[in-house]
Structure formats: C-alpha cells, structure tokens
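Working through the structure, step by step
These are the residues of each chain, in order.
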Amino acid sequence: MKDVVISGSGVFTPELTISNEELVASFNQYVDLFNTENAEAIAQGEVAALEYSSCEFIEKASGIKSRHVLYKEGILDPYVMQPVFPKRGEDQVPEMVEMAIVAAREAMAQAGKTAADIDLIICAASNIQRAYPALAIELQQQLGASGYAFDMNVACSSATFGISNAVNAIRGGTAKVVLVVNPEFASPQVNYTSRDSHFIFGDVCTATIIEATDTCTAKNAWKILGMRLKTEFSNNIRCDVSYTDHCHPEVDPDTPFFKQQGRKVFKELLPIVADVILTEMAALHVQPEDLKRLWLHQANINMNIFAARKILGREPEPGEAPLVLDTYANTASAGSVIAFHQNKQGLQVGDKAVLCSFGAGYSVGCLMLEKFS
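The structure reproduced in this document is the subject of the present report. (Residues numbered from 1 in each chain as written. Predicted model: local features only at pLDDT ≥ 70, side-chain atom pairs only at ≥ 80, totals over all residues. Heavy atoms only, no water.)

On to the overall build of the protein chain, then. A tally of helices and strands in the protein chain yields 10 helices and 13 strands. Relative to the 2.2 N^0.38 estimate, which gives 21 Å for 373 residues, the radius of gyration of the protein chain is 21 Å and therefore close to what a compact globule would have. Dimensions of the protein chain along its principal axes, counting C-alpha atoms only, are 70 × 55 × 35 Å. Here the protein chain, with 373 residues, has 54% of them falling under the buried criterion. When contacts within the protein chain are restricted to residue pairs at least 6 apart in sequence, long-range pairs at least 24 apart make up 78% of them. Here the protein chain has roughly 16600 Å² of accessible surface; of this, 52% comes from carbon and sulfur atoms. Side-chain charges in the protein chain split into 30 positive and 44 negative, and the spacing between the mean points of these groups amounts to 9 Å. (Helix = DSSP H or I, 4+ residues; strand = E, 2+ residues; numbered from the N terminus. Rg over C-alpha atoms; globule rule 2.2 N^0.38 Å. Buried < 20%, exposed > 50% of the residue type's maximum accessible area, 1.4 Å probe, protein only. Contact = heavy atoms within 4.5 Å. Areas by Shrake-Rupley, 256 points an atom, 1.4 Å probe, with all protein chains shown as cover. Lys, Arg positive; Asp, Glu negative; His and termini not counted. Charge placed at Lys NZ, Arg CZ, Asp CG, Glu CD.)

What follows is the structure, encoded as structure tokens:
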C-alpha cells in the first residue's frame, strides 16, 4: 500500500471583515425595528419579542471575535440583513471557483507542483454553489489541469473526507497527484436575524495537495498514517435548501439557512469525535504524549477544548490545539485545514499530529499524520 502525504496547503482569505461589534450593532438595530413593528402582537402574546445580542454573549458561546466575508454590503443593514452581490452569469467564474483558484495555487507552490502534475481535483465543501456542471471541473479548466474532477459534500467534514478520497484514489491507481479544495462561501447561508446563529460563519477557501511519498519533493510534508471516517444520522444540524423548493410555494422562508440545536450537538457529537480519534490512535499505537498538534474543526472554542482534553487526557498547552476561529469564525470544512496551514511549522520529522473535522450528518473525519519532510 502506497504511503501518501499532504505535500502542500493553501488558504484564500477574503479582504473584508466584520467584527462582533459591527454585527451586534446591526442586529440590535434590527431587533428594535422588529419589536416596534410588532409591538401590538408582542403585547398580545402572539409574537415573541426579540432579544439583543452582545459581544460578550458571542465570545462566551463560541470564541468568535471576527469573521472574513466575500461581500459585506447588506449584512450590516438592519433593513436587509443578508449579503448583497450580483448574480454571476454562465460566462463568469462563480465565487467558489474564484476562491479555490487562489488557495490551489498556494498549495501547488508549496508542494512544488504545477497544473500539469494534477490528475484529480476534488471540490469538497459544506455547500455547493450549483448542482452541475461540477465546480471542480470548472476549476480544472481554470487551472489547466487534466484527468478528472468532482464535487462532494459531507458538511463540515468535507475536507477530511475529501482528503481520504484522494488517498484512496492514489492507492487505487486512479490518480497520482490530487488537489482537494474547500471553498466555504458560507455567509449567504447565515440567518443574520437570528440571535443564536447570526455570528457563526465566515468565508474562506483551503486547499491541499495529496500525493505518494515517491513523488513528493516538498520541504514540509505530512504522511497520512491512518484515516477513520464515521457518520451517524442526526437532525440537529440542518440546511434544507433543495432544487425541489420551487414545487412547494409554502416552503418555509428559513429553509436556505443553517440551523442547529447547539446543546444537543455538543452533547451527542463530541463523544463520537473523541471515540473516532482515540480508536484510530489505538489502532496505530499512538499515545497521547506522542501528539504534537491537534488541528481540530473550528466551530466553537468550548467544543475544541473539550475534544482536546478527551484526546490528551489533560488540559492542552498553548499551541497544541491551535484556534483560528477567533478571527475566521466557523468556516465549516475549511477550519481544521486553516489551523493546519497556519500551525504546521516548527515540528520535527517523525512528529505526530491529528487533523480532524466534524459536523452535520453527524460526520467525523480523522487523519493521523506524521511529519515526513
């Protein structure tokens, strides 16, 4: 069985940012407008009054302080409360592909690869901007790569599931060098009128190059020692937008938005995450003290701390389980890869680490890594 490495990584970060302070100010203006407009119904108990949000509430609940977005216009307007941007035509590159091009080129440069080397592209993300033709195939054209390409979706586990598919393709002989991109254009799925979720997501794109060790020339590559994937159905994280919606005029207007039962997710998903990681560690005879980094899904600071404690059997030391969600917010499948990209330096050949993402499904993807070069 071929040894396979992650030989390069890249991140596209949008220039525009929205701080908690900005977000809270606009949300609270919206609350005042809503409560004033519905004052009579609220007084009669027919409509529930909306509550203010606060920076303290957001940071305590999530650890998020800011987020990057492709489009800022409209999000902070209490009369709009959603990103406003022009719809791109068939002759224009969609946002997710545009993001992926930048991240892909950085990953390719790190790996010392050109488009001519790539024979498989996987676009793995929590939302896919269109059903077909595949975004991955358009990215293939834009980069000038050959071979084949496809899109896939396993919600917030899409990146690790995508990398696992890449490993299997290499070991199965259907690809030699694989580009996995995770363009998370997540801001349009946010309900900015919901106190519980208006702060959660930001936009970003990550990319990784996956190849066999015998073709790797990169100076900072990570061998994939093992992979463990698990899914278990749950309704507690959903986004229900569908191509059939036009057939049902009565569809709830909240259908396109992300929604979750946060407490249930915390209680039910984290034990699955810990079990998947610990099971893979046991299978590979890796002890907690062997791990130098935990690059975990960046959804919630409390979830990350809980997971790190379970895996290490103690409080994580600074830098062991790096966080990026304070400035990026939840970036769905891309979060753990951002943490990897920004915090893979300074380690020695032979050092071991975990790259893990988890989310809706429920789904968990765990990669056990060892520094190769």
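What follows continues from the structure just given.
Another point: the pairing of strand E8 (residues 222–231). On a regular strand, one side chain projects to one face of the sheet and the next to the other, so that they alternate. Inspection of the sheet shows strand E1 (residues 4–12) paired to E8 by two bridges, in the antiparallel sense. Directly across from Val5, in E8, lies its bridge partner Lys223. (Pairing = 2+ DSSP bridges.)

Quick look at the nonpolar core now. By size, the foremost hydrophobic cluster in this structure holds 51 residues, and its most contacted members are Ile277, Leu291, Leu294, Val354, Cys356, Phe358 and Val364. Those elements that place two or more of their residues in this core are helix H1 (20–37), helix H3 (55–62), helix H7 (262–283), strand E11 (291–296), helix H8 (301–312), strand E12 (352–359) and strand E13 (363–371). Sorting elements by how many residues they give to this core places H7 first, with eight residues. Contacts of Phe358, omitting those with residues within four sequence positions, involve Cys156, Ser157, Leu269, Leu270, Val273, His297, Met303, Ser363 and Val364. In terms of nonpolar packing, the next biggest core, distinct from the first, is built from 34 residues, Val11, Met152, Val154 and Val324 among them. (Core = buried A, V, L, I, M, F, W, Y, C linked by side-chain atoms within 4.5 Å.)

Right, let's talk about the state of the cysteines for a bit. Evaluated as defined, the whole model comprises zero disulfides. Note on Cys356: no disulfide assigned, nearest cysteine sulfur contributed by Cys366 at a separation of 5.2 Å. Accessibility expressed as a relative area gives 0% for Cys356, which makes it buried. (Disulfide = S-S within 2.5 Å.)

The residue Glu184 is located in strand E6 (residues 177–184) in this model. For Glu184, which is buried and forms no salt bridge, the nearest opposite charge comes from Arg67, at a distance of 15 Å. Of note is the side chain of Glu184, whose polar atom sits 2.6 Å from the side chain of Ser126. Separated by 2.6 Å, the side chains of Glu184 and Ser333 make a polar contact. Not counting residues up to four positions away in its chain, the partners in contact with Glu184 are Met99, Ala125, Ser126, Asn127, Gly202, Asp203, Val204, Cys205, Thr331, Ala332, Ser333 and Ala334. (Salt bridge = Lys/Arg side-chain N within 4 Å of Asp/Glu carboxyl O. Polar contact = N/O pair within 3.5 Å; in protein donor to acceptor, adjacent residues only side chain to side chain.)

In the structure shown here, the tally under the stated rule is 12 salt bridges. Measuring nitrogen to oxygen at the nearest pair gives 3.8 Å for the salt bridge that ties Lys65 to Glu59. The salt bridge partner of Asp240 is Lys259, with a shortest N-O separation of 3.2 Å. Of this pair, Asp240 sits in the loop between strand E9 (237–238) and strand E10 (259–260) while Lys259 sits in strand E10, placing them 19 residues apart in sequence. For Asp240, a relative accessible area of 28% puts it in the partly exposed group.

Before going further, it helps to spend a moment on H3. Of the positions making up H3, those classed as buried are Cys55, Ile58 and Ser62. For H3, the buried positions fall inside an angular range of 70 degrees around the axis, keeping them on one side. Seen from the open side of H3, the exposed residues pointing more than 90 degrees away from its buried face are Glu56 and Lys60. Considering only its buried residues, H3 is in contact with H1, H8 and helix H9 (325–328). (Arc of directions from axis to C-beta.)

This part takes up the sheet that holds E13. The sheet built from nine strands is open, its strands ordered E5-E4-E6-E7-E1-E8-E13-E12-E11 with mixed pairing. In this open sheet, the two edge strands, each paired with only one partner strand, are strand E5 (148–152) and E11. Put simply, the sheet's adjacent strands are angled 25 degrees from each other on average, direction ignored. Packed on one face of the sheet, helix H4 (residues 95–111) meets E1, E6 and strand E7 (204–212) and runs near 135 degrees to E1. On top of the sheet, H8 reaches E11 and E12; it is set at about 150 degrees to E11, its chief contact. (Axes fitted to C-alpha atoms, helices over the stretch in contact; angles between N-to-C directions.)

In this structure, the second largest pocket occupies an estimated 160 Å³ of space. If you trace the second largest pocket, you find it lined by Leu50, Glu51, Thr193, Ser194, Arg195 and Asp196. Counted by class, the lining of the second largest pocket contains one nonpolar, two polar and three charged residues. (1 Å grid on protein atoms, 1.4 Å probe; cavity = no way out; pocket = protein on both sides within 12 Å on 5 of 7 lines; lining within 4 Å. Points joined across faces, edges and corners; volume = space filled by probe spheres on them. Nonpolar A, V, L, I, M, F, W, Y, C, P; charged D, E, K, R; others polar.)

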